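Architecture at a glance
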Amino acid sequence: ERAINLPPAILWLIVANLVVQVARSVLLDPTTDDRLVLTFGLVPAAYTTGGHDLLAQVAAPLTYQFLHGGWLHLVINMVSLAAFGAPVERMLGIPRFVVFYLSSGVVAGFVQVLLYPGSVDPVIGASGAVSGVFGAVLMLMRYVGSLPSLYPVAGIWIALNVFFGLFGGMPGAAGEQVAWAAHVGGFLSGAVLVLILRRPGIGLFGRGSAPG
């Protein structure tokens, strides 16, 4: 038995995020780190105005998911991933879960671009992808009957994200605003993608299961 009994993909994702944060903290001075965030964070204006690096535009929807605004921001996201991700990975399998997770993050990022097209502030963090995991968990709970209705919980969650996004700050990131649109986009995409990506012959919560 492993000392940390997390499913493999979740464990790898957590390790990857930790390695990136440690490398930034140890190897980069503040100026270089700021430049890294501007290049590999997701900047909405990079997709709506000209003069931006094409390679960074292509890479940013994935790379921004592994950059965080501080250790507290990272810890909150990774603890949330560990807490909610296991049933989703077990149902999808490792390859599909990785596709699901990264795709939720990509959709989350572009929802932020859609709603804030002129913003020059880089969006960073795994929150959009983790929100997708939470959306998938709620969908699974709904289909096995442990959640009578998805709408109240989803409505409250979305409302809280909008509220703290507009009036709160990003945890551990010196008061920077929360990318609430990315959170909501990731949540909704996760709820849909878990249905699309589930393995053939596998019900929502095990082989042959069906909605009650």
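This text goes with the structure placed above it.
Everything quoted here is computed from the prediction, not taken from an experiment.

**Some points on the packing of aromatic side chains**
- For the structure shown, the criterion picks out eight aromatic pairs.
- Here the aromatic rings of Phe 97 and Phe 100 are separated by 6.0 Å at their centres, their planes lie at 35°, and the arrangement is tilted. Of this pair, Phe 97 and Phe 100 both sit in helix H5 (residues 94-115), three residues apart, which is roughly one turn of that helix. Each member of the pair, Phe 97 as well as Phe 100, carries the same accessibility label: buried.
- Aromatic rings pair up to connect Phe 84, Phe 134, Trp 157 and Phe 187 into one cluster.

**As for a nonpolar patch on the surface**
- Together, Leu 114, Leu 115, Tyr 116, Ile 156, Leu 160, Phe 163, Phe 164, Leu 166 and Phe 167 make up an exposed nonpolar region whose accessible area comes to about 960 Å².
- Those elements giving two or more residues to the nonpolar patch turn out to be H5 and helix H7 (150-167).
- Looking at the nonpolar patch element by element, the count peaks at six residues for H7.
- Considering the arrangement of structural elements, one finds Ile 156 in helix H7.
- Judged by relative accessible area, Ile 156 falls into the exposed class, the value being 52%.

Parameters and conventions
Residues numbered from 1 in each chain as written. Predicted model: local features only at pLDDT ≥ 70, side-chain atom pairs only at ≥ 80, totals over all residues. Heavy atoms only, no water. Phe/Tyr/Trp six-rings, centres within 6.5 Å; stacked < 30°, edge-to-face > 60°. Helix = DSSP H or I, 4+ residues; strand = E, 2+ residues; numbered from the N terminus. Buried < 20%, exposed > 50% of the residue type's maximum accessible area, 1.4 Å probe, protein only. Patch = residues over 30% accessible without salt bridge, like charges linked within 9 Å, V, L, I, M, F, W, Y side chains within 5 Å. Areas by Shrake-Rupley, 256 points an atom, 1.4 Å probe, with all protein chains shown as cover. Salt bridge = Lys/Arg side-chain N within 4 Å of Asp/Glu carboxyl O.

Function cannot be read off these values alone, since they describe shape.
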